[in-house]
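Overview (structure and organization)
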Amino acid sequence: MNLQVNDSRTTAAAGGGFVREMLSLLKVNVREYGMYIALFVIMLIFSILTDGLFMSSRNISNLLDATGYIAVLAVGMTLVIVIRHIDLSVGYAAGFMGAIAAILLSHYGFPVYLTIPIILLIGVAAGLITGFLVASVGIPAFVATLAGMLIFRGALLQVTEKTGTINVRDEWFNAIGNGYIPAIAKVGGLNLSSLLLGAVAIILYILSEIHNRRNKLKYNFEVVSTSIFVLKLVFVSVIIAYITWILAGYNGISWTVVIMLLVVIVYHFLTTKTVLGRHIYAVGSNPEAAHLSGINVKKITYVVFGSMGMLAALSGILFTSRLQSASPTAGMLFELDAIAAAYVGGVSAAGGVGKVTGSIIGAIVMASLSSGMNLMGVGVSYQYMIRGGVLALAVIFDVMTRKKRS
Amino acid sequence: MDDYILEMRNISKTFPGVKALTDVSFKVRRGEIHALVGENGAGKSTLMKVLSGVYPYGTYEGDIMFEGREQRFASISDSVKAGIVIIYQELALFPDLSVYENIYVGNEVQRRGLVNWNETIVRAQQMLKKVKLDVNPETLIKDLGVGKQQLVEIAKALSKDVKLLILDEPTAALNENDSENLLQLLRELKQQGITCILISHKLKEVMAIADKATVLRDGRTICTLDAAKGEIKENIIIKHMVGREIEDIYPKRTNKRFGETVFELRNWTAYDPQLGRNVATDVNMRVRKGEIVGIAGLMGSGRTELALSIFGNPKAYRLQGEMYLDGKPVRFNHPSEAIREGVAYVTEDRKGNGLFLIQDIKWNITAANLPKVAAGGWINENEEIRVSESYKQALNIKAPSVEQLVGNLSGGNQQKVSLGKWMFVGPRLLILDEPTRGIDVGAKFEIYTIMNELISQGMSIIMISSELGEVLGMSDRIYVMAEGRITGELAIEEADQEKIMQYATL
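Keep in mind it's a predicted model, so treat the numbers as computed, not measured.

All names here are of chain B. Here strand S13 (residues 261–272) pairs with strand S14 (residues 277–288) via eight bridges, running antiparallel. Across the sheet, the residue bridging to Tyr 271 is Asn 278, located in S14. Hairpin connection from S13 to S14: four residues lie between these consecutive antiparallel strands, with Gly 276 at a positive phi of about 75°.

Here it is in structure tokens:
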């Protein structure tokens, strides 16, 4: 492994430059790192206020599991907001499709491996209908999805009317929201398979970073100095290791976390590395210019709403599985939590800006606030006010840094 | 005794990097119709914006005397209060409100904070009578034709007790009949003592109606012509309008050789269902390989619309006629189809619909042809940087890196990014719409050099431009458009500014 290539050039500012380089990197990327710093600060504060209870294995594990069904919605919502639309229907859509899943499993005895793809397909179909209304008919997304929200709410009531709450007894299905990766063995009270998974993640991360860096050097592009690079590798690896260690101390990594990670990874690569992703951001940045650049704006709108529908279905599956039942009120206000998570995560309502990784962090920030305040015994009334304040602050921070940059 | 209602003395106005007005003096006698003429960019609109307070006192130099008093307008409402009303080319009416609501919007007839609608309607009827418009005041604006809308605008001005009425290209969107009516109305208003400034490109109108005509050129007053002395004649006006020496900023192309016809339009007509009229009518044109074809004409003559109708028709015009590319009949229903066939269009409005301002240079350069830096849908980011880096160097885009946001670049550099974006598509036919609008002379020269370079590589260029110097300096052949039609075709050898202006103002 030869990381010393071109070091004479890339570390021209080395020596006293190390701190300077790090500060300038922080300054340039303040928007990006802002959220991570905010999350860190929130976690730190709660840890202190709850005497470490907040960062306990059990709490973090529960927190992440409870974030899952909002997080996947937030990922889809990010893209919807990036192309300057909104989707208010996803909450009850998730509730409705969770109920359909419960019905298929409990009343009709469908196996899990059939139920999940069917529900996801229904989700895509529902999303495409929204896409049709928005892109082809030309109805504002706010109105089209408000109508969708009412329809899904009604549909959810309809299918749960006779039975009320529908219980799900399928073990496999319920494991999605409650189960963990089997431990194989315990090492000093820690879950072995989770530890291994964490180790694999760290190795993959380091290898891909090194690969990227070598590629850049091959093209003779500027890269950060070796010391900063190593520092970053160590820093991120430590964080992954720490989270793994925490989770391994309880039941290990849950299937919900696995699914959430998969969704984030897939969407992260889709949005940042593919032509399709680039086209989505082009449509959001300037729809007219996108059209004149030969991009099919309609198609992109369909794709984004279709993906939103699929993720709403996934959210419904996660939620139903977690509760092991479908209820007539499932999905209420999920859409607003997802929208809040996306905005806290740095998505811009003006379009074209926002990352799915940001939105996931946004979702975790909001969930951390709830969890931490619950541990502290803060009343629900104050919780809402504080979360509202944080949402406003996040967007204010976003607007300020944007102004400063231009 | 001279009774001037308006005297603008030594007006200068500077924008960052550009001096728009230099020492302009402009005097208007009470009760006359005074035409203000000049090429696009001569400073007419800027002067009127200074007068109406769009550019408030303090942002320009010089004095404005109106009704014998010095005026220091801080905003448009100040100038309206003094009795100066401008009617812009793009009418400022609310299409979904009624005629009477439009006439009194912002000037409501009120008592104790409540609008008296009955009184409003009665007064509106009086105003409509003054402009000889026979419509029910409760009609919605969108149900009226453009000609009648124009009259509503004038009625609105009259309702504000106007003393000086300024009309900016009032007949640009009107048919002949409506134009004639409007001119007749202006004559009658003159009888009633209303002074009028008329900004118009149509010299026939100016000759028919103006008592005086002031010519602006390059932000300076050239002269004021007097109809009474027989000075308002087409050839005299045009001579003063264009009378500058063409500076030699146009790099010469050596050994011109034109090949086969690459692109051709036959009886091409584009109907805009939203406007309810043709934006291009019966256009015939052809472009040969290695040729720069200039399309001259005034603003609103349908050049951009023609280009859009060729380039995948994004505004969904109804099209008739034939288009040929390399002799093959083609028709594009989406810009992507045009791009696939090697047609590229650099828009006139680079900030509005040309570039992605919130994204960086490399992002913009590859935007129209991403698959070229991608394999199986995956973008090779390093290749993307390498490609855009090479365009940055070739086009001399001044920016610290290709990761610079395009919104932070100067106009000239933005235009180069635009060019790079379309060069990356590798087109056969490049349509440039106002390629040097709003950029400085140095950058202009660079863009002309790039155009010549592209031609030498076998590309063909259609260049739409309102700058006569540019059209004459760069084109090999020139079409002139007016009101959606090709009104003239000129070989470069026979073309001069006067001839183009004549065709353009037909």
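On we go.
A few words now on the interface of chain A and chain B. Accessible area lost upon the coming together of the parts serves often as the stated size of an interface. The interface is formed by 22 residues belonging to chain A together with 27 residues belonging to chain B. Counting only elements with at least two residues in the side of chain A that touches chain B, the list comes to helix H9 (192–218), helix H12 (275–285) and helix H13 (287–292) of chain A. Of all the elements, H12 of chain A adds the most residues to the side of chain A that touches chain B, at five residues. Among the residues making up the side of chain A that touches chain B, the classes are represented as eight nonpolar, ten polar and four charged.

Turning our eyes to something else, we now look at the confidence of the model for chain B. Per-residue confidence for chain B gives a mean pLDDT of 89, with 97% of residues at or over 70. In the model output, the complex is listed with pTM 0.81 alongside ipTM 0.84.

Turning next to helix H15 (residues 334–344) of chain A. Residues and elements named next belong to chain A. A large share of H15 lies buried, amounting to ten of its eleven residues. Looking only at H15, the buried set comprises Phe 334, Glu 335, Asp 337, Ala 338, Ile 339, Ala 340, Ala 341, Ala 342, Tyr 343 and Val 344. Looking one or two residues past H15, Gly 346 carries a phi angle of roughly 100°, positive in sign.

Take the confidence of the model for chain A next. Overall, the predicted model of chain A reaches an average pLDDT of 90, with 95% of residues at or above 70. For residues 1–15 of chain A, every residue scores under 50 in pLDDT, and the model assigns this stretch 13 contacts once sequence neighbours within four places are set aside.

A few words on the domain arrangement of chain A. For chain A, the assigned domains read domain 1 (50–56 + 65–179 + 255–405) and domain 2 (186–253). Between the C-alpha centres of domain 1 of chain A and domain 2 of chain A the distance comes to 28 Å.

Before going further, it helps to examine the packing of helix H11 (residues 255–273) of chain A against H12 of chain A. Residue and element names in this part refer to chain A. At a minimum axis distance of 5 Å, the contact between H11 and H12 shows a crossing angle of 70°. Classified by the interaxial angle, the pair formed by H11 and H12 is roughly perpendicular. In contact with Leu 270, Thr 271, Thr 272 and Lys 273 of H11, H12 contributes Leu 276, Gly 277 and Ile 280. Its residues assigned to classes, the contact of H11 with H12 shows three nonpolar, three polar and one charged.

Procedures and definitions
- Residues numbered from 1 in each chain as written.
- Chains lettered and ligands numbered in written order.
- Predicted model: local features only at pLDDT ≥ 70, side-chain atom pairs only at ≥ 80, totals over all residues.
- Pairing = 2+ DSSP bridges.
- Helix = DSSP H or I, 4+ residues; strand = E, 2+ residues; numbered from the N terminus.
- Contact = placed C-beta atoms within 7 Å.
- Nonpolar A, V, L, I, M, F, W, Y, C, P; charged D, E, K, R; others polar.
- pLDDT = per-residue confidence, 0-100.
- Buried ≥ 20, exposed ≤ 12 C-beta atoms within 10 Å, placed from the backbone.
- Domains from an automatic or database assignment.
- Axes fitted to C-alpha atoms, helices over the stretch in contact; angles between N-to-C directions.
- Parallel < 35°, antiparallel > 145°, perpendicular 65-115°, else oblique.

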